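Breakdown of the fold
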Amino acid sequence: NLEAHGGPDQAVYLYREEDYARWSQHLGNTLEWGSFGENLTVSGLTSELRVGDILRFWEASLQCSAPRVPCAKLAARLERTDFVKTFAAARRPGAYARVLSGGWLEAGMTGSLERYTGVQVDVAEVLDLWYAKSPDPVLVSRVRRSPLAERARQALDRLHGPADYLELSYAAEGGEELRRVYGGWAQSYDSDLEKLQWYKPARVVELGEQLGCPRGRALDVGCGTGWVG
C-alpha cells in the first residue's frame with residue numbers, strides 16, 4: 001500500500017534493540033526481531049533518534065525522516081487490540097529513513113550515528129502531533145523545518161492546517177532548509193502569492209509591453225529577490 005508505506009522518504013524502518021527490551025518487560029514475553037515490522041533492528045543507540053540523523057553502515061547511509069504511526073495491523077501482529085494506543089503513548093515509534101547512499105547490510109555489522117545539526121526534533125515529538133488536539137505552534141513550526149518525510153508533511157497539513165510557508169521561509173536557516181520550504185510550497189505558491197497581492201511579475205510583463213517587448217511570461221525567482229531580473 002504505497003499510499004501509506006514505502007517510497008523514497010520511507011524506504012527503511014528502523015527499531016532499537018533497547019526498545020525491544022522495554023516492550024518485552026511491559027508485555028511480559030520475549031519478542032522476536034521484526035515483531036514491529038522493521039527492516040533493521042539496531043543496537044547501541046542510547047539516545048532518542050531525531051529527524052535528520054544519519055546512520056552509516058560502511059557504504060550505506062540512512063537518514064531518519066519520520067516516526068512509525070501505529071495502525072490496526074500492528075495490534076493484530078501482536079494480538080493485542082489496545083496496542084495502537086499503548087504504542088503511541090509509549091513514545092517509542094522507531095524511525096523511517098530515506099537512503100542517502102546504497103550498500104550491503106548484514107547482521108552483526110557495526111555502524112555510526114551522525115547527529116543532524118539543523119532544527120532539532122525528536123522522532124517521538126513528531127508522533128505526538130498525530131494525537132495533539134491543540135499542538136504547540138512552535139513545535140509544529142520546528143517539525144516543518146526539519147527534513148521530514150513528504151508523506152508525514154502532508155499528514156500534518158491535514159491534521160493541523162496548511163503551513164505558513166512565508167513564515168517558514170523567513171525562519172529557514174541555510175539553503176538546504178530553504179529548499180525544503182519551497183519544495184513544500186510549490187503546490188500552492190502561485191495562489192498564495194495572489195492572496196498576498198504579489199502582482200509585481202505581472203507588472204513586469206505589462207511594462208515590457210509598454211516598451212515594445214514581445215508578449216511573454218515573467219518568472220519570479222525568489223519571491224521578490226529576483227523579480228526585477
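Residues numbered from 1 in each chain as written. Predicted model: local features only at pLDDT ≥ 70, side-chain atom pairs only at ≥ 80, totals over all residues. Heavy atoms only, no water.

**Comments concerning empty space enclosed by the protein**
Picture a little ball the size of a water molecule; that probe, rolled over the atoms, points out where space is still empty. Applying the stated criterion across every chain, the model contains one cavity of 30 Å³ or more. By volume, the largest cavity amounts to about 110 Å³. In terms of lining, the largest cavity is formed by 13 residues, of which the most central are Asp19, Glu48, Leu49, Pro93 and Gly94. Elements supplying a minimum of two residues to the lining of the largest cavity: strand 1 (12-16) and helix 4 (123-131). (1 Å grid on protein atoms, 1.4 Å probe; cavity = no way out; pocket = protein on both sides within 12 Å on 5 of 7 lines; lining within 4 Å. Points joined across faces, edges and corners; volume = space filled by probe spheres on them. Helix = DSSP H or I, 4+ residues; strand = E, 2+ residues; numbered from the N terminus.)

**Some remarks on the environment of Leu31**
Take Leu31: it is sitting in the loop between helix 1 (17-27) and strand 2 (40-42). Overall, Leu31 belongs to the buried group, its relative accessible area being 11%. A C-alpha to C-alpha distance of 18 Å links Leu31 and Gly44, two positions 13 residues apart in sequence. When neighbours within four sequence positions are excluded, Leu31 is seen to be in contact with Tyr20, Trp23, Ser24, Phe36 and Leu78. (Buried < 20%, exposed > 50% of the residue type's maximum accessible area, 1.4 Å probe, protein only. Contact = heavy atoms within 4.5 Å.)

**Overview of the pattern of salt bridges**
All told, the structure shown has 14 salt bridges when counted by the stated rule. Ionic pairing is found between Asp9 and Arg98, a salt bridge with its closest N-O pair at 3.1 Å. Here Asp9 is found in the segment before strand 1, whereas its partner Arg98 is found in strand 5 (residues 95-101), with 89 residues between them in sequence. We note a salt bridge from Arg145 to Glu177, for which the minimum N-O separation is 2.6 Å. Taken as a pair, Arg145 in helix 5 (residues 137-145) and Glu177 in helix 8 (residues 175-185) lie far apart in primary sequence, 32 residues in all. Accessibility expressed as a relative area gives 11% for Arg145, which makes it buried. Here the salt bridges do not stand alone but share partners, grouping Arg16, Asp19, Arg22 and Glu48 into one network. (Salt bridge = Lys/Arg side-chain N within 4 Å of Asp/Glu carboxyl O.)

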